[in-house]
Amino acid sequence: MDITESQLNTSTVLALSGRLDGLASPVLDQKVDVLLASGVRSVVFDCSSLGYVSSAGLRSFLTAAKKLKAAGGRSSFAALTPAVHEVFELSGFLTVLAIYPTAAAAANG
Amino acid sequence: MSPPLQLTLANDLAEIPRLAQAVETYCEPFEPSMKDILSLQLALEELVTNVINHGYADGHPHDFLVTLSGGAGSIRAVITDDAPAYDPLARPEVDTTLPLEERAIGGLGVHLVKKLMDVSHYERRDGKNILTIERRLNAPDRPV
């Protein structure tokens, strides 16, 4: 999985591409921790090029959402691919995470 | 018809991408949908991760087997390990309706396996854990 970081308004966008599996998820955890430590409080996870997520990846997303919320910040998840949307749906994540059709909408949300 | 494929995996999470690639390559001749492949990869990652992370408590390297077989419009995978007896499918069902703060991730992997597979079955035989999963390919009546 590749992570590309960019800035959109006041949000930091992490564009995830490839597969968020059990091997890749610790990399994302570390990235989020670094952002939090540097004072970032709004993170958009752009999933438009993310083709696969396992429960290890869901754990990373959930942990990131909880940490940002606890820090007074916010997380959002944008442009889910059909495969990732299905896993979110089956896991009940569509109702606990903030989901947006695009990264731009998420950054403005 | 492709003969079954037997893979020997080490108890190391670095095996997950190799397993995913093997699933894709093995399934291809059976003309599955992309969703079929992703579902089988996901179910196998979840179950294999359980074996890797929790199966062996001694900290030593271990090998276990994954066998893929296909036919009659479905793909079957069997995971066989010699770790202590453990049935991951017997975990209590997770509550996927709790709010963010109360959400726990434990059990979600097995929940996904049960949702995405048509068959998920555990047995303990000859000192081995044997997990069998199966998914019908291109099934038109699938709810998700």
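Residues numbered from 1 in each chain as written. Chains lettered and ligands numbered in written order. Predicted model: local features only at pLDDT ≥ 70, side-chain atom pairs only at ≥ 80, totals over all residues.

## A look at the overall build of chain B
Each helix and strand in chain B was counted, giving three helices and five strands. Computed over C-alpha atoms, the radius of gyration of chain B comes to 15 Å, within 12% of the 15 Å expected from 2.2 N^0.38 for 144 residues, which places it in the range of a compact globule. Oriented by its inertia axes, the alpha-carbon framework of chain B measures out at about 40 × 40 × 25 Å. Scored against the burial criterion, the 144 residues of chain B give a buried share of 33%. Restricting the contact set of chain B to residue pairs at least 6 apart, pairs at least 24 apart contribute 67%. (Helix = DSSP H or I, 4+ residues; strand = E, 2+ residues; numbered from the N terminus. Rg over C-alpha atoms; globule rule 2.2 N^0.38 Å. Buried ≥ 20, exposed ≤ 12 C-beta atoms within 10 Å, placed from the backbone. Contact = placed C-beta atoms within 7 Å.)

## Focus: helix α1 (residues 25–37) of chain A
Residue and element names in this part refer to chain A. For α1, which comprises 13 residues, the first-to-last C-alpha distance of 19 Å matches the rise-based estimate of 18 Å (1.5 Å per residue) to within 8%. Turning to α1, its buried residues are S25, L28, V32 and L35. Buried residues of α1, viewed axially, fall in a sector of 80°; they line one side. Projecting away from the buried face of α1 at angles above 90 degrees are the exposed residues P26, Q30, V34 and A37. Buried residues belonging to α1 abut β1 (2–8), β2 (11–20), β3 (42–53) and α2 (55–70). A positive phi of about 100° marks G39, the residue just after α1. (Expected span 1.5 Å × (residues − 1). Arc of directions from axis to C-beta.)

## Topic: the environment of K31 of chain A
All names here are of chain A. Counting through the fold element by element, K31 comes out in helix α1. A tally of 18 C-beta atoms within 10 Å means that K31 is categorised as partly exposed. Sequence-wise, K31 and V96 are 65 residues apart; in three dimensions their C-alpha atoms are separated by 22 Å.

## A short note on the packing of helix α3 (residues 82–91) of chain A against helix α3 (residues 108–116) of chain B
Helices that pack against each other are described as a pair by the angle of their axes relative to one another and the distance between those axes. At a minimum axis separation of 10 Å, α3 of chain A and α3 of chain B run at an interaxial angle of 110°. Classified by the angle their axes make, α3 of chain A and α3 of chain B are roughly perpendicular. Across the interface between the two elements, V87, L90 and S91 of chain A from α3 of chain A touch L108, L112 and K115 of chain B from α3 of chain B. Partitioned by chemical class, the residues of the contact of α3 of chain A with α3 of chain B number four nonpolar, one polar and one charged. (Axes fitted to C-alpha atoms, helices over the stretch in contact; angles between N-to-C directions. Parallel < 35°, antiparallel > 145°, perpendicular 65-115°, else oblique. Nonpolar A, V, L, I, M, F, W, Y, C, P; charged D, E, K, R; others polar.)

## Description of the confidence of the model for chain B
With 98% of its residues at a pLDDT of 70 or more, chain B shows a mean pLDDT of 94. Across the predicted assembly, pTM comes out at 0.95 and ipTM at 0.94. (pLDDT = per-residue confidence, 0-100.)

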